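Residue-level structure breakdown
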Amino acid sequence: MLDKHYRPDEVEARLYAEWEKAGAFRIGRRDNAQPYTIVIPPPNVTGSLHMGHALNNTLQDVLIRFERMRGRDTLWQPGTDHAGIATQMVVERQLAAEGRSRQELGREAFVERVWKWKEESGGTITRQLRRLGASCDWSRERFTMDEGLSRAVRKVFVDLHRQGLIYRDKRLVNWDPKLKTSISDLEVEPREVDGQLWHFRYPVEGEEGTFITVATTRPETMLGDSGVAVHPEDARFRHLVGKRAIQPVTGRALPIVADEYADPETGTGAVKMTPAHDFNDFEVGRRHGLELIDIMTPDATINDHAPERYRGLDRFEARRRIVAEMEEKGYLEKVEPHRHAVPHGDRSGVPIEPRLSDQWYVDAKTLAGPAIRAVEEGRTRIVPKQWEKTYFEWMRNIQPWNISRQLWWGHQIPAWYGPDGHIFVELTEEEAREAARRHYGREEPLRRDEDVLDTWFSSALWPFSTLGWPDRTPELARYYPTDVLVTGFDILFFWVARMMMMGLHFMGEVPFHTVYIHALVRDEKGQKMSKSKGNVMDPLDSVESYGADALRFTLAAMAAQGRDVKLSNQRIEGYRNFATKLWNAARFCEMNECRPVAGFDPKQARQTVNRWILGALRETSGLVTEALEAYRFNDAAGAVYHFTWGTFCDWYLEFIKPLLAGQDEAAKAETRAVTAHVLDTIVALLHPFMPFVTEELWQRRAVPSGAPLMLSAWPDIAGLPHDEAAMKEMDWVVRLISAVRAVRAEMNIPPASKLDLHVAGAAGETLARLADHEDQILRLARLERILTSGSLPKGSVQVVLDEATLGLPLAGVVDLGKEKARLDKELVKLEGEIRKIEAKLGNPGFVAKAPEEVVEENRERLSEFHAMREKLMAAQARLQSI
């Protein structure tokens, strides 16, 4: 007997342990089955599960469980990323707490310390994914620094270098002066700050009293100025092009050049050029041959390229002193308050510096060509399709990819330097020494490059390195290319595009046929979750409070393509109630002896109500399957939810109570078998979304197959009847009862009051249906009797149902005057709320300044209020018709 209450905290851990012990997630369980592969976006080994992870992994698990039940040989490849900067910072903080630094420890001992931390503490997020119900093949779990993947990384680096696609160059990078390393654009976080915009006058060389005014938010970079740019069409400066301005602090003569980068409408229209410390200035400088003057050390203090009085100063102290000097000399024209975005390192929290540095680069433009064509030709499709535009825009404007990082934790670059600086790139140190002997004709000491590779370099190989490449393993042959990648839009370029490039270059095939891009998880008001706002929802707290199934179903049900998920505890609680509803339906079936019947053929059902529910089940099964195939997770979840809660629980189980209590044993046996069949099909349809409660019900109900639900077959609609007449007949009964219930609710009719139902203008078919289902209609609509002769009594509320008109006499039941006053009052109040919101949305200032999520929230409330108004007006119209 099923317990009275479903307790997820008692069920989930037990079932997951059973699945793992049975090897239910492993590949190769089905001979000759078609493979289906998803690679998990490897979370940082330092990470803990957040709602973005929960959404991402829920959607992946839905697909994996769906295809596993459809008979595919599923591989959900798990693993974690070594997360260079994040992991190094964790261990450095530990050392700092001990009063030590990594420099004191030395590189080799520090790396050993990181490995020790990883073994002891690095499995947190994979344990948390298990709590969510993720059915990964954990026996194949990989780590981006394990030996197999490290071998793949070295081979890719060496091969690309030999092909001229990896090279060393001096270019501008995002430099983190606290961590003393270059970082990727994804690790740069723009932060709004209240700063200042300084306007400085630079004298024009040889023209006494003539100045050109430039504006800057970073006066310290004036030490590296090597030019001034103006727009070629700007008449104010046209006569100065070709002349030189004098930088007052350094005394350096700066060429005045004409370049379209300078915007006449921004600042003063003249832009000081610091090519070694600004990405845009670097490009202008390259076009005009301006000098690259690097004025900062790795920790952002001023170096020896600046006047002596500024050397060794912190960049912000240098800023203060430069402004003071310019003001003292009379070159400070004005200062304006200026709120602007300043790029910060997301890990260090300090402003980053564009800095000229010797780094390793990938020729991304060459590799991007085949990746662009693959999407253009449809070999890989991006869902939703709108993201293809973003993909193409990034890829067609791609820049060289900086892949070196000045860290100790990560894949150390396989490059060695000879005494004369010659570089030897080889798979091993021994091969490098052999190459050096051939080059020099003798033994020479070699020094290995100390940098490590960008984390994204190793993760770009994830779809094939995890399958054993560079070895040609059976798994690589069977499971590559993968089927779908599920990921967020923020790493479409940083990870997805790079996997495309590497997969095509080294495997000759796209790494996945489909990329599904999901949106963000926001709070219930549409705001981005952040610790500073205090609106972060911890998925593990949600699992603890409501169960994993409730959280999973909520995320899937709200995962509409291209629309952010607005999450709240109330929504999760609502879907926890859905799990309870399902459990209670199963208890009803158990108490009424509705058990699975071996060999039962649904097409042999004879009762109209049974043929109706089986037809509705057929439609729902088809909708769920079609929606999951198209990655419309919300439509799939919505279809099975509405069928389960509405059609099955609220209608069918109510309709069949008289049959189950009746004396017709054949009808009773058929109804029990149908009910059990429908319940078991619902459980199967829900399994990808709610694996725990469905598996528990499946096992407790002793389904004839004996196999775990996750390894059982997906529902086949071919075995279900589609009786159009039965569908129409029972849908009509539902519509009639719903119409009466709506009137009762609108008119505030007390639940205990039973009304007469008068039906006028009914055709023969309607009269037959009324006769056949009279008992059901009287019971479920709370009616005293149904009258089909004569006209509708005076004082009746009227409802049109197909060709017939329904009349409900309210005299003596409802105080019509009082009810009209109540409706009028509610409508006036609602109209006032609608006017307020319409005034807000009609105000261009509000729409322009308010956060996007606030504007969207107001639009949604307006839509809700309009719907409420329509209902109130409909109720008024009913009253007026009496």
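So, here's what we can say about the structure. It should be emphasised that the depicted structure is a prediction, and the values quoted were computed from it without experimental measurement. Each chain has its residues counted from 1, following the order in which its sequence is written. Only residues with pLDDT of 70 or above have their local features reported here, since the model is predicted, and side-chain atom pairs are shown and tallied only from 80 upward, although totals for entire chains, interfaces and linings are computed over all residues. Hydrogens and water are ignored here; the side-chain numbers use all heavy atoms of the structure.

Put simply, DSSP marks the helices as runs of H or I at least four residues long and the strands as runs of E at least two long, and each gets a number from the N terminus on. Counting its regular elements, the protein chain contains 30 helices and 29 strands. Summarising its shape, the C-alpha atoms of the protein chain cover approximately 110 × 65 × 55 Å along the three principal directions. The buried label applies to any residue whose accessible area, calculated with a 1.4 Å probe on protein chains only, is under 20% of its type's maximum; exposed applies above 50%, and partly exposed to all values in between. Out of the 882 residues belonging to the protein chain, those deemed buried represent 55%. Residues count as neighbours in contact if any of their non-hydrogen atoms are within 4.5 Å of one another. The contacts of the protein chain with a sequence gap of at least 6 include a subset with a gap of at least 24, amounting to 77%. Here the protein chain displays about 38,700 Å² of accessible surface, and carbon together with sulfur accounts for 48% of that area. Separation of charge centres in the protein chain, based on 118 positive and 132 negative side chains, amounts to 2 Å. Each accessible area value is a Shrake-Rupley result obtained with a 1.4 Å probe; residue values ignore everything except the protein chains displayed when judging cover. Under the counting rule used here, the positive set is Lys and Arg, the negative set is Asp and Glu, and His together with the chain ends is not counted. Where a charge sits is defined by one atom per residue type, namely NZ (Lys), CZ (Arg), CG (Asp) or CD (Glu).

Here the focus is the pattern of salt bridges. The term salt bridge refers to a pairing of a side-chain nitrogen on Lys or Arg with a carboxyl oxygen on Asp or Glu at a separation within 4 Å. For the coordinates displayed, the defined rule picks out 69 salt bridges. A salt bridge links glutamate 336 to lysine 334, with the nearest nitrogen and oxygen atoms 3.3 Å apart. Under the relative-accessibility criterion, glutamate 336 is labelled partly exposed at 30%. Look at lysine 334 and you get partly exposed, because its relative accessible area is 38%.

Aromatic contacts are taken between Phe, Tyr and Trp rings whose centres are within 6.5 Å, Trp giving its six-membered ring; a plane angle under 30 degrees counts as stacked, one over 60 as edge-to-face, and the others as tilted. The tally for this structure, following the rule as stated, stands at 36 aromatic pairs. Look at phenylalanine 66 and tryptophan 714: their rings are 4.9 Å apart centre to centre, the planes differ by 80 degrees, and that puts the pair in the edge-to-face class. Residue phenylalanine 66 is located in helix α2 (residues 51-69), and its partner tryptophan 714 is located in the loop between α24 (691-700) and α25 (724-746); the two are separated by 648 residues in the primary sequence. There is no split in this pair, since phenylalanine 66 and tryptophan 714 are both buried.

Counting 211 residues, the largest nonpolar core has Phe457 and Phe648 as the members making the most contacts within it. Broken down by element, the residue count for this core peaks at 13 residues, all from helix α16 (residues 492-507). For phenylalanine 648, the contacting residues outside a window of four places in its chain are Ala585, Cys589, Ile613, Phe643, Leu653, Thr675, Val678, Leu679 and Ile682. Throughout this description, the term nonpolar core refers to a set of buried Ala, Val, Leu, Ile, Met, Phe, Trp, Tyr and Cys residues connected via side-chain atoms within 4.5 Å. Tyr202, Ile302, Ala306 and Leu332 belong to the second-largest nonpolar core, a separate cluster that totals 30 residues.

Here we take up the sheet that holds strand β14 (residues 353-362). Any two strands with at least two DSSP-identified bridges between them are counted as paired. With antiparallel pairing, the four strands of this open sheet are ordered in space as β6-β5-β14-β16. Whereas interior strands pair on both sides, the edge strands pair on one side only; in this sheet they are β6 (181-183) and β16 (401-402). As judged from the two bridges shared by β14 and β16, these two strands associate in the antiparallel manner. Counted as the bridge partner of tyrosine 361 is asparagine 402 from β16.

Looking at where threonine 625 falls in the secondary structure, it is placed in helix α20 (residues 608-629). If we skip the residues at most four places from it in the chain, threonine 625 touches Phe66, Arg70 and Trp714.

Burial runs high along strand β22 (residues 482-488): seven of the seven residues are buried. In this structure, β22 lies alongside strand β23 (residues 512-518), joined through six bridges in parallel fashion. Residue pairing across strands places glycine 488 opposite histidine 518, the latter belonging to β23. A crossover gets the label right-handed when its path from the first strand over the helix to the second runs clockwise, viewed with the strands pointing away from the viewer. Handedness of the crossover joining β22 and β23 through α16 is recorded here as right-handed.

What follows is about the packing of α2 against helix α6 (residues 124-132). Helix axes are fitted only over the stretch in contact, all axes being lines through C-alpha atoms; the angle between N-to-C directions runs from 0 to 180 degrees. Axis separation between α2 and α6 bottoms out at 11 Å; the angle between their running directions is 60 degrees. Judged on the interaxial angle alone, α6 and α2 are oblique. The way α2 lies across α6 gives a crossing that is right-handed. Here α2 contributes His53, Ala54, Asn57 and Thr58 to the contact with α6, which in turn contributes Ile125, Leu129 and Leu132. Looking at the contact of α2 with α6, its residues break down into four nonpolar, three polar and no charged. Comment on the angle field: the value is read as roughly parallel under 35 degrees, roughly antiparallel over 145, roughly perpendicular from 65 to 115, and oblique elsewhere. It is the rotation of the near helix from the far one that decides the hand of a crossing: anticlockwise by less than a right angle makes it left-handed, clockwise makes it right-handed. Here the term charged refers only to Asp, Glu, Lys and Arg, the term nonpolar to Ala, Val, Leu, Ile, Met, Phe, Trp, Tyr, Cys and Pro, and the term polar to all other amino acids, Gly among them.

On to helix α8 (residues 279-288), then. Every α-helix winds through 3.6 residues per turn, so residues three or four apart in the chain are directed the same way. For α8, the set of buried residues is Asp281, Phe282, Val284 and Gly285. Summarising the contacts, the buried residues of α8 are in contact with β5 (166-176), β9 (227-230), β12 (270-273) and β14. Identification of polar contacts relies on pairs of N or O atoms within 3.5 Å, with a donor-acceptor requirement for protein atoms, meaning one able to donate a hydrogen and the other able to accept it, and with residues adjacent in sequence counted only if both atoms are side-chain atoms. The N-capping residue of α8, defined by a side-chain oxygen 2.9 Å from the backbone nitrogen of asparagine 280, is aspartate 278. Of the residues trailing α8, glycine 289 is marked for its positive phi of about 65 degrees.

Here β9 shows two buried faces, one formed by Gly227 and Ala229 and the other by Val228 and Val230. The pairing of β9 with β12 spans four bridges and is classified as antiparallel. By the bridge assignment for β12, alanine 229 is matched with valine 271. Pairing of β9 with strand β11 (residues 253-258) involves three bridges; the strand directions are parallel.

A word on the environment of isoleucine 27. Mapped onto the elements, isoleucine 27 comes out in the loop between α1 (8-22) and β1 (35-39). According to the relative accessible area criterion, isoleucine 27 is partly exposed, its value standing at 22%. Separated by 452 residues in the primary sequence, isoleucine 27 and tyrosine 479 have C-alpha atoms spaced 9.9 Å apart. Excluding residues within four positions of it along the chain, isoleucine 27 makes contact with Asp73, Thr74, Leu75, Asp137, Arg140, Glu475 and Tyr479.

What follows concerns helix α21 (residues 633-655). Over its 23 residues, α21 runs 31 Å from end to end, which matches the ideal 33 Å to within 8%, given 1.5 Å per residue. Note on bend: at a given residue it equals the angle between the axes fitted to the 7 residues ending there and to the 7 starting there. Along α21, the sharpest kink reaches roughly 35 degrees, centred on phenylalanine 648. Expected span of a helix: the number of residues minus one, times 1.5 Å.

With that settled, the discussion passes to the state of the cysteines. Working definition of a disulfide: a covalent bond connecting the sulfur atoms of two cysteines. Disulfide assignment relies on a single distance test, namely cysteine sulfur atoms paired within 2.5 Å. Counted under the stated rule, the structure contains zero disulfides. The thiol sulfur of cysteine 594 is not disulfide-bonded, and the nearest other cysteine sulfur, from cysteine 589, lies at 4.8 Å. Left without a disulfide partner, cysteine 649 is nearest to the cysteine sulfur of cysteine 589, which lies 8.4 Å away.

This brings us to the sheet that holds β23. The strand order across the open sheet formed by three strands is β15-β23-β22, and the pairing between neighbours is parallel. This sheet does not close on itself; its edge strands, each paired only once, are β15 (381-383) and β22. Taken pair by pair, the neighbouring strands of this sheet meet at an average axis angle of 20 degrees, ignoring direction. Judged from the three bridges that link them, β15 and β23 form a sheet pairing that is parallel. Residue pairing in the sheet places arginine 381 in a bridge with threonine 514 of β23.

Glycine aside, a negative phi is what most residues show, and trans is what most peptide bonds show. In the segment running from valine 383 into proline 384, the intervening peptide bond is cis, with an omega of -5 degrees. Of note, the phi angle at alanine 300 is positive, near 65 degrees, even though the residue is not glycine. Secondary-structure assignment places alanine 300 in the loop between α8 and α9 (315-328). Positive phi, normally seen in glycine, also occurs at arginine 782, with a value near 55 degrees. Arginine 782 gets classed as partly exposed once you look at its relative accessible area, which sits at 34%.

The subject of this paragraph is the side chain of arginine 405. Take arginine 405: it is sitting in strand β17 (residues 404-405). Engagement of the side chain of arginine 405 in a polar contact is seen with the backbone oxygen of asparagine 402, the distance being 3.3 Å. Beyond its immediate sequence surroundings of up to four residues, arginine 405 is in contact with Thr181, Ser182, Ile183, Ser184, Glu187, Asp451, Val452, Leu453 and Asp454.

For the rest of this paragraph, the subject is the packing of helix α7 (residues 147-162) against α16. As a packed pair, α7 and α16 sit with axes 12 Å apart at the nearest point and diverge in direction by 75 degrees. In terms of orientation, α7 lies roughly perpendicular with respect to α16. Contacts between α7 and α16 involve Val156, Asp159 and Leu160 from the first element and Met502, His505 and Phe506 from the second. Across the contact of α7 with α16, the residue classes break down as four nonpolar, one polar and one charged.

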